[in-house]
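Coordinates in review
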Amino acid sequence: IGYTDGTIDYGDGSPVESLLFGSLSHEYENIGEYTIRVIVTNDLGCTDTLTRQVCVENKVRYFIPNIFTPNGDDQNDELSIQVVGGTDIRWSVYDRTGGLMFEAVSPDDSWDGTFNGKVLNPNVFVVVLSFTDQATGRRETHYGSVTLIR
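Anyway, here's the lowdown on the structure attached to this text. Only a predicted model underlies this, so the values are computations on that prediction, with no experimental measurement involved.

Section: the pattern of salt bridges
With the rule as written, the count across this model stands at 2 salt bridges. Between Asp 88 and Arg 90 there is a salt bridge; the shortest N-O distance is 3.3 Å. Residue class for Asp 88 comes out partly exposed when judged on its relative accessible area of 41%. For Arg 90, a relative accessible area of 40% gives the class partly exposed.

Topic: the layout of surface pockets
What the largest pocket holds in volume is close to 320 Å³. Contributing to the lining of the largest pocket are 13 residues, with Tyr 28, Asn 58, Val 84, Gly 85 and Gln 134 lying nearest its centre. Looking at the lining of the largest pocket, its residues break down into 4 nonpolar, 4 polar and 5 charged.

With respect to the packing of aromatic side chains
Ring pairs (aromatic) are described by centroid distance and by the angle formed between their planes. Counting across every chain of the model gives 6 aromatic pairs. Relative to Phe 131, the ring of Tyr 62 has its centre 6.0 Å away and its plane inclined at 50 degrees; by these criteria the two rings are tilted. Separated by 69 residues along the polypeptide, Tyr 62 in strand β5 (residues 61-63) and Phe 131 in strand β12 (residues 123-133) bring together distant segments of the chain. Of the residues examined, Tyr 62 reaches a relative accessible area of 37% and is grouped as partly exposed.

Quick word on the sheet that holds strand β13 (residues 139-148)
Taken in spatial order, the 5 strands make up an open sheet running β6-β13-β12-β8-β9, and their pairing is mixed. The open sheet has two edge strands, β6 (67-68) and β9 (100-104), and neither has a second partner. Here 7 bridges tie strand β8 (residues 86-94) to β12, and the two strands are oriented antiparallel to one another. Pairing of Tyr 94 across the sheet is with Val 126, part of β12.

Some words on the pairing of β8
Pairing analysis gives 4 bridges linking β8 to β9, with the strands arranged antiparallel. Bridge pairing in β9 links Val 93 to Phe 102. Following β8, the chain reverses through 5 residues before pairing antiparallel with β9; Gly 98 in that reversal takes a positive phi of roughly 90 degrees.

Rules of the game
- Residues numbered from 1 in each chain as written.
- Predicted model: local features only at pLDDT ≥ 70, side-chain atom pairs only at ≥ 80, totals over all residues.
- Heavy atoms only, no water.
- Salt bridge = Lys/Arg side-chain N within 4 Å of Asp/Glu carboxyl O.
- Buried < 20%, exposed > 50% of the residue type's maximum accessible area, 1.4 Å probe, protein only.
- 1 Å grid on protein atoms, 1.4 Å probe; cavity = no way out; pocket = protein on both sides within 12 Å on 5 of 7 lines; lining within 4 Å.
- Points joined across faces, edges and corners; volume = space filled by probe spheres on them.
- Nonpolar A, V, L, I, M, F, W, Y, C, P; charged D, E, K, R; others polar.
- Phe/Tyr/Trp six-rings, centres within 6.5 Å; stacked < 30°, edge-to-face > 60°.
- Helix = DSSP H or I, 4+ residues; strand = E, 2+ residues; numbered from the N terminus.
- Pairing = 2+ DSSP bridges.

Listed below in structure tokens is the structure:
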């Protein structure tokens, strides 16, 4: 006999969720250890509880696109960087000679392929990304390249 009612508590203060509405997914906002508690009841009124400890570790993930097309078609018109698990995110774009073309001061910043208001020609640019790992407090720097196509 399967369960007819059930809930899951992720142990992080988020609202308890019902098990009756499809697949479950949960993102923890902080690293640490949490106790997950699942309570199910069957149609005879029998209840069972399962608890498990989970350890949420920080794994920094980042994505630097390798191409973008700022041509006004609303598809890939701006270069933006995504970082999960890092704080104090900064990134810059340099031309082949090392000239600074763009500097992001916020993780939400994006580059439109211009420099001082002038449209840049198609080219390959260097991207420098730095952030602080939330788990270790260590500052990390990563490099990539992006191709601007018009």
